[in-house]
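Residue-level listing of the chains:
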Amino acid sequence: MTYCKRGTEGLIYLEDGTLLRGCGFGAKGVRYGEVVFTTAMNGYPESMTDPSYRGQILIITHPLVGNYGVPNPIVRNGILQNFESEQIQIEGLVVTEETDPSKWNSSKSLHQWMAEQGIPGVSSVDTRLLVKKVRTLGSMMGVIASGEHGEDPRKYIEMRYDEIDFTKFTSPKSPIIHQNNSPDIIVLVDCGIKHGILEELYKTGFTIVRVPCKSSADEIMNYSPKGIVFGNGPGNPNILKDLVKNFSAVMEYKLPTLGICLGHQVATLALGGNVRKMKFGHRAINKPVTDISNNKCYISTHNHGYGVYKEDIPPDTQIWFVNPDDGVVEGLIHKRLPLITTQFHPEARPGPNDTTWVFQKFKKMVIKDEGN
Ligand SMILES: NC(=O)CC[C@H](N)C(=O)O
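This is a predicted model, so every value here is computed, not measured.

Conventions used here
- Residues numbered from 1 in each chain as written.
- Predicted model: local features only at pLDDT ≥ 70, side-chain atom pairs only at ≥ 80, totals over all residues.
- Heavy atoms only, no water.
- Phe/Tyr/Trp six-rings, centres within 6.5 Å; stacked < 30°, edge-to-face > 60°.
- Helix = DSSP H or I, 4+ residues; strand = E, 2+ residues; numbered from the N terminus.
- UniProt positions renumbered as here; feature names shortened; annotations may be inferred.
- 1 Å grid on protein atoms, 1.4 Å probe; cavity = no way out; pocket = protein on both sides within 12 Å on 5 of 7 lines; lining within 4 Å.
- Contact = heavy atoms within 4.5 Å.
- Buried < 20%, exposed > 50% of the residue type's maximum accessible area, 1.4 Å probe, protein only.
- Near = heavy atom within 4 Å.
- Polar contact = N/O pair within 3.5 Å; in protein donor to acceptor, adjacent residues only side chain to side chain.
- Areas by Shrake-Rupley, 256 points an atom, 1.4 Å probe, with all protein chains shown as cover.
- Sits in = over half its atoms within 2 Å of the grid points.
- Disulfide = S-S within 2.5 Å.
- Points joined across faces, edges and corners; volume = space filled by probe spheres on them.
- Domains from an automatic or database assignment.
- Nonpolar A, V, L, I, M, F, W, Y, C, P; charged D, E, K, R; others polar.

### Side note on the packing of aromatic side chains
The relative placement of two aromatic rings is captured by the distance of their centres and the angle of their planes. Under the defined criterion, the tally for this structure stands at 11 aromatic pairs. Taking the centre distance of 5.7 Å and the plane angle of 50 degrees together, the rings of phenylalanine 83 and tryptophan 113 count as tilted. Residue phenylalanine 83 is located in the loop between strand 8 (79-80) and strand 9 (92-94), and its partner tryptophan 113 is located in helix 2 (residues 110-117); the two are separated by 30 residues in the primary sequence. Each ring, one from tryptophan 320 and one from phenylalanine 321, has its centre 4.6 Å from the other, and the planes form 35 degrees; the classification is tilted. Aromatic rings pair up to connect Tyr298, Trp320, Phe321, Phe344 and Trp357 into one cluster.

Here it is in structure tokens:
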């Protein structure tokens, strides 16, 4: 029997039949989702609030999680400085050991935060075993339960992750304006934007208008933007047909465009390339990406389960970045249009700041375009 310090039992079930019993924490309840893992050693408040994790049960491989607690949100210009969105987005959290905090700016424990937001956690399970399964068999559906043990976990799996359009939960319902000291507008197509991306865009000095994920080209162009950003977002890009169609329509205007993560995948699809499900994805804050124009390698933050492979890039594009470990295309540059994309997260939340210059590059594209 495992001793559970919060007096609650818990379990994690993988659809290959693996069932591990441990301790529950956070909210009591049962959730299903795709089971994925991150190797990031810190940054759990950022990862857990990243809307791209919607629909997923997250395993953190670092053995102790919770040491520095959860801070009070800090908001500047309507942008969260220390979380990626207003709420926890993951379906559940799996860790080896969940700890109580000791840090000057901690306002609550990981356990309290998850309890308040209705998200179950499981600790005291062999996360190495789970990650080996996921790495060997690939990402799969699973069920997490804290305090409530259904007889048969399989019955909780209602739908496959790849078939659900999660953007309807994570995209704003109406436009949101982040006024800056400039009348020039960048439209950000928001399918569940990380506030780290918003912050880096705001730092370019432009006024940022976030529009709902499914906005049409006309709705986007009504703002007379100087540039457009297609940001990150949850789920399978291959089912987001409207978004892909709208991307194609917007490209007709030949405005400077930046695609990040889901935005990179949507650009790939709109331009005639392919996006495929990866075996278990990239989720970490220390992933290498090599700029193949100069062979410089950067350490970057990743959270993607789909990817573009070399043979699948669209016509008229060239590879910008590649992951040297597995060859996945991590960025594209269009040969004729002012379009750049990254599959990784140049905003570096919570990861290293090696690649924030990508936003400066985009700013230069916008200013150059204005000069014409
Ligand atoms: N961070 C993202 O935008 C992720 C894109 C997509 N949902 C994927 O998992 O690959």
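Text resumes after the structure shown.
### Digging into the UniProt feature "binding site: L-glutamine" (unreviewed entry) in the chain
Taking the UniProt record as the reference, the feature "binding site: L-glutamine" (unreviewed entry) is found at Ser52, Gly233, Gly235, Leu262, Gln265, Asn303, Gly305 and Tyr306. Taking the farthest pair of C-alpha atoms as the criterion, the annotated set spanning 255 residues converges on one region, since that pair is 13.1 Å apart. Lining residues of the largest cavity drawn from the annotated list: Ser52, Gly233, Gly235, Leu262, Gln265, Asn303, Gly305 and Tyr306. Ignoring anything within four residues of it in the chain, the contact list for glycine 233 reads Ser52, Cys191, Gly192 and Leu262. The topology assignment puts glycine 305 in strand 20 (residues 296-307). The exposure class of glycine 305 is buried, given its relative accessible area of 13%. Apart from the residues lying within four places of it in its own chain, the contact partners of glycine 305 are Lys277, Met278, Gly281 and Arg283.

### Description of the site of the ligand
Looking at the ligand, there are 13 residues lining it, with Gly233, Gly235, Cys261, Gln265 and Asn303 nearest. Contact distances for the ligand include 3.0 Å between a nitrogen atom and a side-chain N or O atom of serine 52. Contact with the protein chains covers 99% of the free accessible surface of the ligand, which is 290 Å². Counting atoms within 2 Å of the grid points, the majority share of the ligand lands in the largest cavity. Elements supplying a minimum of two residues to the shell around the ligand: helix 8 (262-270) and strand 20.

### Looking at helix 5 (residues 195-202)
Of all eight residues in helix 5, eight are buried; the element is thus mostly enclosed. If you check which residues of helix 5 are buried, you get His195, Gly196, Ile197, Leu198, Glu199, Glu200, Leu201 and Tyr202.

### Let's talk about the state of the cysteines
Inspection of the entire model under this criterion finds two disulfides. With a sulfur-sulfur separation of 2.2 Å, cysteine 4 is cross-linked through a disulfide to cysteine 23. Every disulfide takes its handedness from the sign of the S-S torsion; for cysteine 4 and cysteine 23 that torsion is -85 degrees, giving left-handed. Taken as a pair, cysteine 4 in the segment before strand 1 (9-14) and cysteine 23 in strand 2 (residues 19-26) lie far apart in primary sequence, 19 residues in all. Neither cysteine 4 nor cysteine 23 differs from the other in exposure class; each is buried. Here cysteine 191 pairs with cysteine 213 through a disulfide, and the sulfurs are 2.1 Å apart. Taking the torsion about the S-S bond as the criterion, the cysteine 191 to cysteine 213 disulfide, at about 80 degrees, is right-handed. One end of the pair, cysteine 191, is in the loop between strand 15 (185-190) and helix 5; the other, cysteine 213, is in the loop between strand 16 (207-212) and helix 6 (217-221), with 22 residues separating them in the sequence. Exposure remark for cysteine 213: the relative accessible area of 2% places this residue in the buried category. Along the chain, the cysteines that take part in disulfide bonds pair up as 1-2, 3-4, counted in sequence order. With no disulfide of its own, cysteine 297 lies closest to cysteine 261 among cysteine sulfurs, the gap being 18 Å.

### Some remarks on empty space enclosed by the protein
Counted by the stated rule, this structure contains three cavities of 30 Å³ or more. What the largest cavity holds in volume is close to 100 Å³. Of all the secondary-structure elements, those providing two or more residues to the lining of the largest cavity are helix 8 and strand 20. Looking at the lining of the largest cavity element by element, the count peaks at four residues for strand 20. Counting the residues that make up the lining of the largest cavity, at least three belong to each of domain 1 (9-163) and domain 2 (167-371). For the second largest cavity, the lining is made up of 15 residues, of which Ser47, Asp50, Tyr53, Thr301 and Pro350 are closest to its centre. Mapped by element, the contributors of at least two residues to the lining of the second largest cavity are helix 1 (44-48), strand 19 (276-291) and strand 20. Taken together, the residues of the lining of the second largest cavity break down into five nonpolar, five polar and five charged. No fewer than three residues from each of domain 1 (9-163) and domain 2 (167-371) sit in the lining of the second largest cavity.

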